[in-house]
Amino acid sequence: MNSKNITYKAIDFFCGGGGMTCGLRQAGIDVIAGVDFDKNAKETYEYNNQGSIFIHKDVKKLRSDYFEKNLGVKKNDDHLTMVGCSPCQYYSIINTDHSKAELSKDLLMNFARFIEYYNPGYILVENVPGIVTNKETILPKFLKKIEKLGYRHIEEIVDMSQYGVPQSRRRFSLIATRLDDVKISLPQKSEKIYTVADVLGEKNGFGRITAGHKDTSDFQHTVAGLSADSLKRMALTPHNGGNRLSWANQPQLQLKCYIGRDDIFKDNYGRMWWDRPSPTITTKFFIVFNGRFAHPEEDRAISIREGATLQSFPKDYVFKTTSIAGAARIIGNAVPCEYARRLGETIISNA
């Protein structure tokens, strides 16, 4: 099969601000549309992925024939990929309130409804490892469903730091196909592991800034402010991997919740290491007390652009939000673009 003369297409369900879409497009796949219930992601998605349509719909309520009737998507297209990176809060180990997340725990089966209707050549799924280990997981039911529809699949818990992403981020990754003459595999691991120093710092275009800095340009090197006490805490936290234990014996700085509890949440207020991949970028990466999100040497959290870079978004990807929290939510929820690109290239190369 000569893939050079074929147009590969995709529909990106639960697309958010477009991390997966961006990577698939970089691989040469025409992403027809992204679907998401979060209207706040629409402008970011469409601004950065022009030609890919953002469909603001609840997948549970979206008609199966929507894409056929409105976008001309055909059934049984061997070169169509359907992507289902459903919200993963219910299965996440860091989530503490499952009551709201429970509403989204079965979204994979809603995604499966579109697979059954369109019978695409390929399926991609990305989620947290908890979707495998959680005793209430919907994954076995989903796998049984696609197997019944004639799909072969390969899945693995991967660490994206092994796939060109400068971040330790463990995720469940699946590729499936119904095509008999196609080899399916996950992307090849990289020989090089990228670190924070490979992508951040002054030599990579990130000028020194202070807590509370606001960047009004599209580069968005904007960083959250810190209280006077938190600035003191940062000043006492050793560069390149220091943590909150460095000021644990300072009565005016130690927090009540940590008194006598040096063994818990040691990453909170911690600095990243230059010579390691960053920790997992969450939706709260702009807050120093929500994880090891402090800059390796500057007394501040990482900026919006730094978080996006650690998620492998291109530096010209603009987050169209009105707040730091809004941008961080889009960034932290995204599939890293570089991993998505490799998934797309794997589909094309294995055809």
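Each residue is numbered by its place in its chain's sequence as written, counting from 1. In view of the model being predicted, local features appear only for residues whose pLDDT reaches at least 70, and side-chain atom pairs are presented and counted only at 80 or more, with totals across whole chains, interfaces and linings using the full set of residues. In computing side-chain properties, one takes all heavy atoms of the structure into account and sets aside hydrogens as well as water.

1. Brief notes about the side chain of Glu126
- Segments assigned H or I by DSSP are reported as helices when at least four residues long, segments assigned E as strands when at least two residues long, and all are numbered from the N terminus. Its location among the elements puts Glu126 in strand S5 (residues 122-127).
- Exposure categories follow from relative accessible area, calculated using a 1.4 Å probe and restricted to protein chains: below 20% of the type maximum is buried, above 50% is exposed, and the middle band is partly exposed. Note on Glu126: relative accessible area 7%, which makes it buried.
- The contacts of Glu126, once residues within four sequence positions are left out, are Gly84, Cys85, Ser86, Met160, Arg171, Phe172 and Val335. Contacts between residues were defined by any pair of non-hydrogen atoms, one from each residue, lying within 4.5 Å.

2. A look at the pairing of strand S4 (residues 80-84)
- Taken across its five residues, S4 has five buried, putting it largely inside the fold.
- Side chains Leu80, Met82 and Gly84 project from S4 onto one buried face, and the interleaved Thr81 and Val83 project onto a second face that is buried too.
- Two strands form a pair only when DSSP identifies at least two bridges running between them. Both strand S1 (residues 9-13) and S4 contribute to a ladder of five bridges, which runs parallel. Across the sheet, Phe13 pairs through a bridge with Gly84, a residue of S4.
- Of the pairings in the sheet, the one linking S4 to S5 comprises three bridges and is parallel in character. Each bridged residue has a counterpart across the sheet, and for Met82 the counterpart in S5 is Ile123.

3. Overview of the pattern of salt bridges
- For this document, the term salt bridge refers to a Lys or Arg side-chain nitrogen within 4 Å of an Asp or Glu carboxyl oxygen. Scanning all chains against the criterion turns up 17 salt bridges.
- One salt bridge connects Asp38 with Arg329, and the closest N-O pair in it is separated by 2.6 Å. Linking Asp38 in the loop between strand S2 (30-36) and helix H2 (42-48) with Arg329 in helix H11 (residues 324-333), this pair joins segments that are 291 residues apart in sequence.
- Since its relative accessible area comes to 42%, Arg329 is described here as partly exposed.

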